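Read off the chains here:
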Amino acid sequence: MSWFFGSRGQPPPAGDGGPPEQGGNAAGPAPDLGLSRAERKAMEAYRFDSSALERAAEAAKTLEKSKHAHAALDLSKMQENTRQQELQVKAKEYEAHIETAKVEQKRVDYEERRKLLSEETKHQQQRAQYQDQLARKRYEEQLAQQQRVQDENLRKQEESVAKQEAMRRATIEHEIEMKEKNKLKLLEAELRAKAKVDRENRDINLEQIRLKAQEHRATVLEGIKTAGSVLGAGAQAMLNDWQKVATAAGGLSLLALGIYSAKGATGVAARYVEARIGKPSLVGETSRFSLLEAVRHPIHLLKRFRSKPADALQGVILEPKLEERLRDIAIATKNTRQNKGFYRNILMHGPPGTGKTMFAKKLANHSGMDYAIMTGGDVAPMGRDGVTAIHKVFDWAHTSGRGLLLFVDEADAFLRKRSSERISEDLRASLNAFLYRTSEQNYKFMLILASNTPEQFDYAINDRLDEMVEFTLPGLEERERLMRLYFDQFVLEPAAVGKRRFKVEQFDYGAICSQMAKLCEGMSGREISKLGVAWQAALYCSEDGVLTEKMVLDKCEEAVHQHRQKMAWLSEQEKGDHKSITGGKGQPQ
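The shown structure was predicted, so the numbers you read here are calculated from the model rather than taken from an experiment. (Residues numbered from 1 in each chain as written. Predicted model: local features only at pLDDT ≥ 70, side-chain atom pairs only at ≥ 80, totals over all residues. Heavy atoms only, no water.)

## So, the packing of helix H14 (residues 476–497) against helix H15 (residues 509–519)
It is the contact of H14 with H15, at a shortest axis distance of 8 Å, that shows an interaxial angle of 130°. The angle between the axes of H14 and H15 places the two elements in the oblique class. Where H14 crosses over H15, the two elements pack in a sense that is right-handed. Contacts from Leu476, Arg479, Glu480, Met483, Arg484, Phe487 and Leu492 in H14 reach Tyr509, Gly510, Cys513, Ser514, Met516, Ala517 and Lys518 in H15. (Axes fitted to C-alpha atoms, helices over the stretch in contact; angles between N-to-C directions. Helix = DSSP H or I, 4+ residues; strand = E, 2+ residues; numbered from the N terminus. Parallel < 35°, antiparallel > 145°, perpendicular 65-115°, else oblique. Left-handed = near helix turned anticlockwise from the far one by under 90°. Contact = heavy atoms within 4.5 Å.)

Here it is in structure tokens:
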């Protein structure tokens, strides 16, 4: 059918007729009208060939005459419908492709937007960090500038104070110098006047001295004569009577014997009174009543007789394993006293303020014993008297009828290693005396040593220890129990009694105690107990006398800050000596 439209293909046969060769519509070359080459090409593009239409008309006529004209037309229609359907399918595929491209473009746009947002967020974070760094630098520079200004002001104040002090000293020295000069001048004038008077009255003074000497000589000679005559008469009478001589000799002998006996008896009585009635000078605190204290405090003595032994761990909060071990020691000590057995020597070591002294007192009360507390630092200043003082302590301990628990606090102060430590001869003698009195087990007294640095003990001291107990800093659970205990003791109980200006605001006490226990990590039991006094002080200084939640937390945070400051003040040597302060359960590493 291509030749039907005359677009391409072979022309119809010549028998069917060809295109006319004449006329203005012939397809011959255009006449040359003097145009340029570009103009000719443009005219060639718009030239119309009429021969194709003539061939198409001729073909249509031939087709109408043919008997297959209708079939050819139907076939042409079918081909056209098929081509239209193919074009529709291609159009739908093209539309689907466009939709897919749109979806992909949206996905790409979303991904690009997400990346853009991520980059913007990162950029904002970096900008915020940079601004924060700038703010910190500015703040640090401000602090440094303030510190420099303060240092400069302090330096100026110190210089001013130093100048004023120098002026004051110069003024005082000048006044003293002037006073000395005036005194010297006055003394010189007095001496001159006195010398002048003495020179003027020299003859009179010499005559008076001569008269006084003569009178004194006459008096002395008269006294000697009188005493000689009396003694001579007495001696002559005694020699003539031998019974008087014997009586005088016996009297003198009895007098000497009485003086010696009285001196010895006085020493024995003094030692007995010191051992039975008083207490040694090294003992600072004791529960043992002496005769004088019983006379002074009879009510305390009656209360003591009526009191019953309490639990050894009452009011003492420690780690569960440590509590179990201390309870076993308390039971064993009580049974040892009841059965009159030999007591064991115990070492309690650990950071300060962890309950060593408190447990020793409660152990003595639980066991029905007396306790005595001495400090190792009191031995060294005594010098040579240290040996005598230590013997007096142990002699006094042996006289206890109930048994004595001797607690030596800071024992490492005088029980140091003799081989490596530089100690004086007096302190070495005191250590030897202590070793001598503790060389054997004893059923009269129980020895407990307490130290923060047990590694400094002499080996002989370690050999005398039967058991060693380490007191560590309280953990989280123990700190919470301590918080609740001291909050009840110092705040809730006084408020319940109804003391004047003592009220507590309503808040969750348990939650506050748990929160403060987390804040007070690394603090000892003594430091936590001081919080109770701090809470009372905050309440007393308030306007309305009401303890609020904010006041409780503020005092706790202040105590934590002070504890950290104390830890920062420790030197490397102190941290090495007190290893338990910087390590262990519930402590900052």
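## Things to note about the side chain of Asn442
You can see Asn442 is positioned in the loop between helix H12 (425–437) and strand S5 (445–451). When its relative accessible area of 15% is taken as the criterion, Asn442 is described as buried. A distance of 2.5 Å separates a polar side-chain atom of Asn442 from the backbone nitrogen of Lys444. Those residues in contact with Asn442 that sit more than four places away from it in its chain are Gly341, Phe342, Tyr343 and His398. (Buried < 20%, exposed > 50% of the residue type's maximum accessible area, 1.4 Å probe, protein only. Polar contact = N/O pair within 3.5 Å; in protein donor to acceptor, adjacent residues only side chain to side chain.)

## A short note on the packing of helix H11 (residues 385–398) against H12
At a closest axis distance of 8 Å, the pairing of H11 and H12 adopts a crossing angle of 20°. The orientation of H11 with respect to H12, classified from their angle, is roughly parallel. You can see that H11 and H12 cross each other, and the crossing is right-handed. Note on element contacts: H12 touches H11 through Ala429, Ser430, Ala433, Phe434, Tyr436 and Arg437, opposite Gly386, Val387, Ile390, His391, Phe394, Asp395 and His398. Counted by class, the contact of H11 with H12 contains 7 nonpolar, 4 polar and 2 charged residues. (Nonpolar A, V, L, I, M, F, W, Y, C, P; charged D, E, K, R; others polar.)

## Focus on the pattern of salt bridges
Counted according to the given criterion, the structure contains 20 salt bridges. Across the pair Arg155 and Glu159 runs a salt bridge, and its minimum N-O distance is 2.4 Å. Within this pair, Arg155 and its partner Glu159 are both found in helix H4 (residues 69–200), separated by 4 residues, close to a single helical turn. A relative accessible area of 35% means that Arg155 is categorised as partly exposed. Taking the relative accessible area as the measure of exposure, Glu159 reaches 37% and is therefore partly exposed. Bridged by salt links that share partners, the residues Glu152, Arg155 and Glu159 form one connected network. (Salt bridge = Lys/Arg side-chain N within 4 Å of Asp/Glu carboxyl O.)

## Points about unusual backbone geometry
Positive phi is not limited to glycine here, since Lys340 has a value of about 55°. One can find Lys340 in the loop between helix H9 (320–338) and strand S2 (346–349). With a relative accessible area of 72%, Lys340 lands in the exposed category. The phi angle at Glu410 is positive, at roughly 50°, despite the residue not being glycine. When you line up the elements, Glu410 lands in the loop between strand S4 (404–409) and H12.

## Digging into a nonpolar patch on the surface
A cluster of nonpolar side chains, namely Val220, Leu221 and Ile224, defines an oily patch on the protein surface of about 260 Å² accessible area. Position of Val220 among the secondary structure elements: in helix H5 (residues 202–240). (Patch = residues over 30% accessible without salt bridge, like charges linked within 9 Å, V, L, I, M, F, W, Y side chains within 5 Å. Areas by Shrake-Rupley, 256 points an atom, 1.4 Å probe, with all protein chains shown as cover.)

## Focus on the confidence of the model for the protein
Looking at the protein, pLDDT values average 80 and 80% of them are 70 or higher. Note on residues 583–589: pLDDT under 50 across the span, and 20 contacts to partners over four residues away in sequence or across chains. (pLDDT = per-residue confidence, 0-100.)

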